[in-house]
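Here is what each chain is made of, one letter per residue.
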Amino acid sequence: MSNTDVIRLTSFSKGAGCGCKLSSADLHEILKDKKTSVDTFPTLLVGNQGNDDAAVMDIGNDQLLISTLDFFTPIVDDPFAFGRIAATNALSDVYAMGGSPSLALAILGWPIGKIPLNAAGEIIKGAQTVCDLAGIPLAGGHSIEAPEPFFGLQVNGITSKARLKKNNSVELGDVLLLSKPLGTGIITTASKKEKAEAAHLEEAIASMTKLNDLGIALSHLSSVHAMTDITGFGLLGHLLEMIGESEVSVALLDQKIPTFNFLKSYLDQFIYPDMTTKNFSAVSSRVSTLDALQLFTFCDPQTSGGLLISVAPEGVDEVIKLFKENNVHSSCLNVIGNVISKEEKSIIIR
């Protein structure tokens, strides 16, 4: 048995995957009064003045450069699988903006002397397989010694002005679809506690390592008005980012929202990520009353989650057709919500 066979990567960090992100409240406090002005950099179309998935710069000739950075602590114990998940997650931000990835660089933090170096090599190998699948080079990167292991990618991509999809451009009357089921935070927390069934964890890993390259095809549809990917802030947190301060609300259809069918067995054991309650605190004032199951699934921090798509009603059939062509989970072939006129709450669960 090799050293990597007996190392439990998740035991070396408090958080896991996108659940180790700073809360949205903490992030807002850090970034207040520190926004990059698009007036100063007129070719910067999307920066940190909003909450979009990546930065976007106009580089001329109707080409837009998309640039993103994403890394986190281990979400699974297997190093190769962790590398695949982290790489898939980082690439997702480019796909969510309607872009095609072109280049990736790796970011690695490693506790030298605590975890064998060959485990880090397996993480890089896992990321390389995902980059190969995406058709881009993993061209280098940077590493440091760190008290907790972490890994991720900086990714560049390209799109055009017509294909760019922002997260906050929903329109009244749009409907919502989600391309992956919710619940990765719950099952990976169960795994960290050594209480996950192997088949359940395998299903979650398959979801987290499925590329969101569906976003490239969706970027060609004018009926798709907005896109984002669901990660650490959960479905409700990222949906509120899509609504922003616009004069609309969203009615979510509880029974249509896709989730892994094994979640309740873990929630009955009070297994959920610490980040879940932070996510709920951030959204509670703007969301209608949630029951316990809704709270722990709709606020569950996702890692490498699905694309949340806001599309005009006449474009739904075409989106679902693309879902089927891309082997999207069968539970996702439904409209999960509607963009409606402004109500007292920004999100209403029905």
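Residues numbered from 1 in each chain as written. Predicted model: local features only at pLDDT ≥ 70, side-chain atom pairs only at ≥ 80, totals over all residues. Heavy atoms only, no water.

1. Some words on the pairing of strand 8 (residues 224-229)
Then step 1. A large share of strand 8 lies buried, amounting to six of its six residues.
Then step 2. For strand 8 and strand 10 (residues 307-311), the ladder comprises five bridges, and the chain directions are antiparallel. Note on strand 10: the bridge partner recorded for aspartate 229 is leucine 307. (Buried < 20%, exposed > 50% of the residue type's maximum accessible area, 1.4 Å probe, protein only. Helix = DSSP H or I, 4+ residues; strand = E, 2+ residues; numbered from the N terminus. Pairing = 2+ DSSP bridges.)

2. Concerning the pattern of salt bridges
A side chain of one charge can pair with a side chain of the opposite charge if their charged atoms are brought near each other.
Then step 1. Under the definition given, this model contains six salt bridges.
Then step 2. Glutamate 194 is paired through a salt bridge with arginine 8; the nearest N and O atoms lie 4.0 Å apart. On the criterion of sequence distance, the pair formed by glutamate 194 in the loop between helix 5 (184-192) and helix 6 (198-208) and arginine 8 in the loop between helix 1 (3-6) and helix 2 (24-31) is long-range, its members being 186 residues apart.
Then step 3. The exposure class assigned to arginine 8 is partly exposed, which follows from its relative accessible area of 24%.
Then step 4. For the salt bridge of lysine 264 with aspartate 268, the shortest nitrogen-to-oxygen distance reads 3.1 Å.
Then step 5. Judged by relative accessible area, lysine 264 falls into the exposed class, the value being 52%. (Salt bridge = Lys/Arg side-chain N within 4 Å of Asp/Glu carboxyl O.)

3. So, the nonpolar core
Then step 1. Leu153 and Leu252 are the most contacted members of the largest nonpolar core, which totals 80 residues.
Then step 2. Residue contributions to this core peak at nine residues, all from helix 3 (residues 79-96).
Then step 3. Apart from the residues lying within four places of it in its own chain, the contact partners of leucine 153 are Thr68, Leu69, Asp70, Ala87, Ala90, Ala104, Leu105, Ala106, Ile107, Cys131 and Leu138.
Then step 4. With 18 residues, the next largest nonpolar core counts Ala96, Leu214, Val311 and Ile320 among its residues. (Core = buried A, V, L, I, M, F, W, Y, C linked by side-chain atoms within 4.5 Å. Contact = heavy atoms within 4.5 Å.)

4. A short note on the environment of isoleucine 186
Then step 1. Mapped onto the secondary structure, isoleucine 186 falls in helix 5.
Then step 2. Residue classification places isoleucine 186 among the buried residues on the basis of a relative accessible area of 0%.
Then step 3. Put simply, isoleucine 186 and alanine 196 are 10 residues apart on the chain and 9.5 Å apart in space, counted from C-alpha to C-alpha.
Then step 4. Apart from residues no more than four positions distant in its own chain, isoleucine 186 is found in contact with Leu263, Tyr266, Leu267, Ile271, Pro273, Phe296, Thr297 and Asp300.

5. Some words on unusual backbone geometry
Then step 1. Located in the positive-phi region is phenylalanine 270, a residue other than glycine, with phi close to 60 degrees.
Then step 2. Structurally, the position occupied by phenylalanine 270 is in the loop between helix 9 (263-267) and helix 10 (275-283).
Then step 3. Of note in the backbone geometry, serine 304 takes a positive phi value of approximately 50 degrees without being a glycine.

6. Considerations on the environment of leucine 178
Then step 1. Note on placement: leucine 178 falls in strand 7 (residues 175-178).
Then step 2. Its relative accessible area of 0% is what places leucine 178 among the buried residues.
Then step 3. A sequence separation of 105 residues divides leucine 178 from threonine 73, and the C-alpha atoms of the two residues are 25 Å apart.
Then step 4. Aside from chain neighbours lying at most four places away, what touches leucine 178 is Ile230, Pro258, Gly306, Leu307, Leu308, Phe323, Cys332 and Ile336.

7. So, the pairing of strand 11 (residues 337-341)
Then step 1. When strand 7 meets strand 11, the two strands line up antiparallel, connected through two bridges. Counted as the bridge partner of leucine 176 is glycine 337 from strand 11.
Then step 2. Strand direction decides the pairing type here: strand 9 (residues 248-252) and strand 11, joined by five bridges, are antiparallel. Directly across from serine 249, in strand 11, lies its bridge partner isoleucine 340.

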